[in-house]
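Examination of the molecular architecture
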Amino acid sequence: MKNDIFPSYVIYLIVLIRLIKGDLVNDFRPPATPLLLLNPTIQIWSKGDHLNDVPTTHWIENQNMSLVGLVRIDNGSKILRFMGVTNENIPSMKQIQRRVQPTQTFYIFQSEEIELNVTFIQPAFIHSLELSSLPIGYLTHSVRSLSTKKEYTVQVYIEISMDLVVNSLVNDTVVWEQTRSGEYRWQSYDHAPFQTHGDQIKPDWGYFYAASRSIFLRDSTQTNASLCRQAFIHGNFHLPKRDESQGPRSIQNGYPVSSFLFDYGSVNQDANVYSSFLVLFHDEQLSINFFSNYQRPYWTKLYSNVQQLLDIAFQRFDEIQQEANEYDTMLIQRYTNVAGDRYATLLSLVHRQVTGACVTVWDEQRQQAWSYMKEQSSDGDVSTVDVISPAAPFFLSLGPEYLRRLLLPLLAYANNETYVQYTLPWAPHHLGDWPVCSILPQDQEQMPMEETGNMLILLAAIAQRQNEQIEYLRPYAHLLQNWAQYLNDSLPDPENQLCTDDFEGSSAHNANLALKGIIGLGAYSLLLSMGLGNQSQADQYMKQAIVFAQEWAKLDWNGIDHFRLEYDANNSSWSQKYNMFWSCVIGLDDILFADLRVQDIELAYYQTKMNPYGLPLDNRGVLAKLDSSMWIAAMIRDNTEQRQRIVDSLYTFAHSTPTRIPISDVYDTTTNSAMFFTARPVLGGLSALDLLSK
């Protein structure tokens, strides 16, 4: 088996190339930095400017997911802290670089003697079902001397706290064990699948693993944090004996950790660059309760047990790291070509925020892979349709099959393939309370036109990008027909319905919502023309969608220079008609709206409504959504200055907002402060420009 040591010229060249490329903004300051976002419950962020400013945390406020890193230099003459915080008075190492790429986050630290590189890697490759489904990450580090004349001894200490698997440091307890040499796991003592569910939860079932097989691994253990740190600080080359009691113990009782000590001996500038990595892995055992169908993680279909998966994770490290480098380079160059380095920087920041909100399972009953998305920080729902929809440009651009898997559970639920009888004539809003799917139709947050339009549009968009492969939809043909008929019966006026912008308040006769329904009806026509029906049926629905578009324009036109927020609103009211973006995605913009010049009129009007930090959603306030703002930018074809102004406003929010949380999708365009939400996957919507550039 390969060890995790690399030639110095290779690592130094790779690091140098990563840092000197002019494709990301070098001084970008993310509101929070993604480290490892393995799934909705294991998400490790740094909310400071430096990795050693603050404790590493979950996106949930006041919920630590603690990583600590220390380095001992020159026989202990200097001990510095490069990651996390400790109670011990240990000086911080100087951070000189931070870089967030789609699947990797890099840090470089320096003292007078050495340079330390720390990298977090995830195989978040959307095109790969196997790798994107693995809740696994790598924490790598390498050291080299900065002196041409003197050698320095270097030891590195890394600890992972057991607070990763509990919700309460006081009330919850953990147990731990050593599974193999250099390999440890721990879990919540309660270990009760699906008993805890909702939004702000960390995992309290399954196992978390940390392991290293580095030739430089001098010692490793599981015991109290303070004992481990003191041993390292005092120059010991062995950590305290592992605590054989193995719990159960509350985190606050000694703060149990898994710790690793790497000894690199004497390091000089011309010798090899010394490097090691840790594999971090979360074995949920059970991922989703789909109406009493307990679904296991997809990786359990591929690997016989955790040990086999971990063996493969070590064996394939070089391959995964290389693919991460190539994948990131490809995406960053592509995004830069679409809209510049600020756009590339934004999309690099949100890539793992999108993937980290999802899990992929194996549905044993149907013998197929399914995926689910968590509505993080806003309600904790399972697979909310109007969260999947704004995230969809990310998947349509990078992996349409992933998006198709996300819709399969929703189709099964609406088609009465569970013990719940779904009787509503429109599409569901969500499936339940994460990770338990159990909601009754009458308990849904009803968004009839919003979710029905979303489902039909997404299904058509997927089919267009998968060579019109719609065989899987044939069992749902009657369901989709019912949804289309609902839209046909309800348009052109949605009357008093909720839409996805419900945080702004109620909005009867909402014009933007009506657009979603009209485009949804056109999307159904496309599905029929692909073979879900016949061309005569397809033509009939498309003609009706065109009629509704014409009626929409008459109902909403203010008679002067723009279209209104609501059909019956005063003439000064206005709103982003961002749902028109979807007509561009599925190729209906010219068919439905070209003669009406809706896009041209609206885009010109929006230039008069820009605030200091961006374009508000509508006349009711100053809030903007990042995803829908980027959709507006994506629809701008000729005025590149206007498009870039929107892109720049979203970058400025991310770069300078005073709200230090994983990037929010809603913010105040007058103060640049984030509002309401954090870490939501809807920011996949920022891929809109990339999607329409193809």
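Computed from a predicted model, the values in this text were never measured in an experiment.

What follows covers the pairing of strand β16 (residues 274-283). Among the ten residues of β16, ten are classified as buried, and the element is accordingly described as predominantly covered. With burial as the criterion, each face of β16 is covered, one bearing Y274, S276, L278, L280 and H282 and the other bearing S275, F277, V279, F281 and D283. Here eight bridges tie strand β8 (residues 136-145) to β16, and the two strands are oriented antiparallel to one another. The residue of β16 that forms the bridge with V143 is Y274. Summarising the sheet, strand β12 (residues 207-211) and β16 pair through five bridges and their orientation is antiparallel. Each residue of the ladder has a partner; that of Y207, found in β16, is D283.

Okay, unusual backbone geometry next. With an omega dihedral of 5 degrees, the bond running from G247 to P248 counts as a cis peptide bond. Locating P248 in the fold gives a position in the loop between α3 (225-233) and β14 (249-250). Residues W434 and P435 are joined by a peptide bond in cis, for which omega reads 0 degrees. Secondary-structure assignment places P435 in the loop between β22 (432-433) and β23 (436-437). We note that N75 has phi near 60 degrees; this positive angle belongs to a residue other than glycine. Turning to its location among the elements, N75 is positioned in the loop between β3 (67-73) and β4 (78-83). The phi torsion at R597 lies on the positive side, around 55 degrees, for a residue other than glycine.

Taken in spatial order, the nine strands line up as β5-β6-β7-β8-β16-β12-β11-β10-β14 in an open sheet, and their pairing is antiparallel. Taken across any chain shown, the strands that pair with only one partner, and hence form the sheet edges, are β5 (94-100) and β14. Across two bridges, the pairing between strand β10 (residues 173-180) and β14 is antiparallel. Residue pairing for β14: T173 is matched across the bridge by S250. Packed on one face of the sheet, helix α5 (residues 306-315) meets β8, β10, β11 (183-188), β12 and β16 and runs near 150 degrees to β16.

Before going further, it helps to spend a moment on the sheet that holds strand β19 (residues 358-363). To summarise the sheet geometry, strands pair through backbone hydrogen bonds and adopt either a parallel or an antiparallel arrangement. Spatial ordering of the open sheet is given by β20-β19-β18-β17-β23-β22-β21, a layout of seven strands whose pairing is mixed. In this open sheet, the two edge strands, each paired with only one partner strand, are β20 (368-373) and β21 (381-382). Note: β19 against β20, six bridges, orientation antiparallel. Its bridge partner being in β20, V359 is matched across the sheet by Y372. Most of the contacts of helix α9 (residues 400-414) go to β20, to which it runs at about 90 degrees, and overall it touches β17 (288-290), β19 and β20.

Within the largest apolar cluster, 167 residues are counted, with the highest numbers of intra-cluster contacts made by Y372, F395 and L480. Here this core gets 14 residues from one element, more than from any other, and that element is helix α12 (residues 511-532). Judged by nonpolar contacts, the second largest core, of 46 residues, contains V71, M83, M93 and V156.

Looking now at the environment of Q367. Among the secondary structure elements, Q367 is positioned in the loop between β19 and β20. A C-alpha to C-alpha distance of 38 Å links Q367 and S66, two positions 301 residues apart in sequence. Within the local environment of Q367, its side chain forms a polar contact with the backbone oxygen of E364, the two atoms lying 2.9 Å apart.

When pLDDT drops low, the exact placement of atoms in the prediction is not to be read closely. Put simply, the chain has an average pLDDT of 94, and 96% of its residues get 70 or more. Note that pLDDT drops below 50 for residues 1-22; the model gives that stretch 49 contacts with residues more than four away or on any other chain.

Taken as a whole and assessed by the stated rule, the structure comprises 29 salt bridges. Where R334 meets D690, a salt bridge forms, and the shortest distance between an N and an O atom there is 2.7 Å. Residue R334 is found in helix α6 (residues 317-339), and its partner D690 is found in helix α19 (residues 688-692); the two are separated by 356 residues along the sequence. Overall, the relative accessible area of 23% leaves R334 in the partly exposed class. Residue classification places D690 among the buried residues on the basis of a relative accessible area of 1%.

At a minimum axis distance of 9 Å, the contact between helix α8 (residues 385-398) and helix α10 (residues 448-465) shows a crossing angle of 20 degrees. Here α8 lies roughly parallel to α10, going by the angle between them. In the packing of α8 onto α10, the handedness of the crossing is left-handed. Each of V385, D386, I388, S389, A392 and L396 in α8 lies in contact with α10, whose residues at this interface are E450, E451, N454, M455, L458, A461, I462 and R465.

Let's shift gears to α6. With 23 residues, α6 extends 33 Å between its outermost C-alpha atoms, agreeing within 8% with the 33 Å of an ideal straight helix rising 1.5 Å per residue. Those residues of α6 that fall on the buried side of the exposure criterion are F317, I320, Q321, A324, N325, Y327, D328, L331, I332, Y335, V338 and A339. One or two steps after α6, the chain reaches G340, where phi turns positive at roughly 95 degrees.

This paragraph deals with the packing of helix α7 (residues 341-355) against α8. The relative placement of two packed helices comes down to the angle between their axes together with the axis-to-axis distance. Between α7 and α8, the shortest axis-to-axis distance is 11 Å and the interhelical angle comes to 100 degrees. One element, α7, and the other, α8, form an angle in the roughly perpendicular class. Where α7 approaches α8, its residues H351, V354 and T355 are matched on the opposing element by F394, F395 and L398.

Attention shifts here to the packing of aromatic side chains. How two aromatic rings sit relative to each other is set out by the distance from centre to centre and by the angle between their planes. Under the criterion given, the structure shown has 44 aromatic pairs. Here F290 and F291 contribute two aromatic rings whose centre-to-centre distance is 5.0 Å and whose plane-to-plane angle is 90 degrees, an arrangement assigned as edge-to-face. Judged by centre distance (5.4 Å) and plane angle (80 degrees), the ring pair of W582 and W631 falls under edge-to-face. Of this pair, W582 sits in helix α14 (residues 581-585) while W631 sits in helix α17 (residues 626-635), placing them 49 residues apart in sequence. In this pair, the class of W582 matches that of W631, namely buried. One aromatic cluster is present, built from ring pairs that chain together F290, F291, W370, Y372, Y413, Y419 and Y422.

Thresholds applied
- Residues numbered from 1 in each chain as written.
- Predicted model: local features only at pLDDT ≥ 70, side-chain atom pairs only at ≥ 80, totals over all residues.
- Heavy atoms only, no water.
- Buried < 20%, exposed > 50% of the residue type's maximum accessible area, 1.4 Å probe, protein only.
- Helix = DSSP H or I, 4+ residues; strand = E, 2+ residues; numbered from the N terminus.
- Pairing = 2+ DSSP bridges.
- Contact = heavy atoms within 4.5 Å.
- Axes fitted to C-alpha atoms, helices over the stretch in contact; angles between N-to-C directions.
- Core = buried A, V, L, I, M, F, W, Y, C linked by side-chain atoms within 4.5 Å.
- Polar contact = N/O pair within 3.5 Å; in protein donor to acceptor, adjacent residues only side chain to side chain.
- pLDDT = per-residue confidence, 0-100.
- Salt bridge = Lys/Arg side-chain N within 4 Å of Asp/Glu carboxyl O.
- Parallel < 35°, antiparallel > 145°, perpendicular 65-115°, else oblique.
- Left-handed = near helix turned anticlockwise from the far one by under 90°.
- Expected span 1.5 Å × (residues − 1).
- Phe/Tyr/Trp six-rings, centres within 6.5 Å; stacked < 30°, edge-to-face > 60°.

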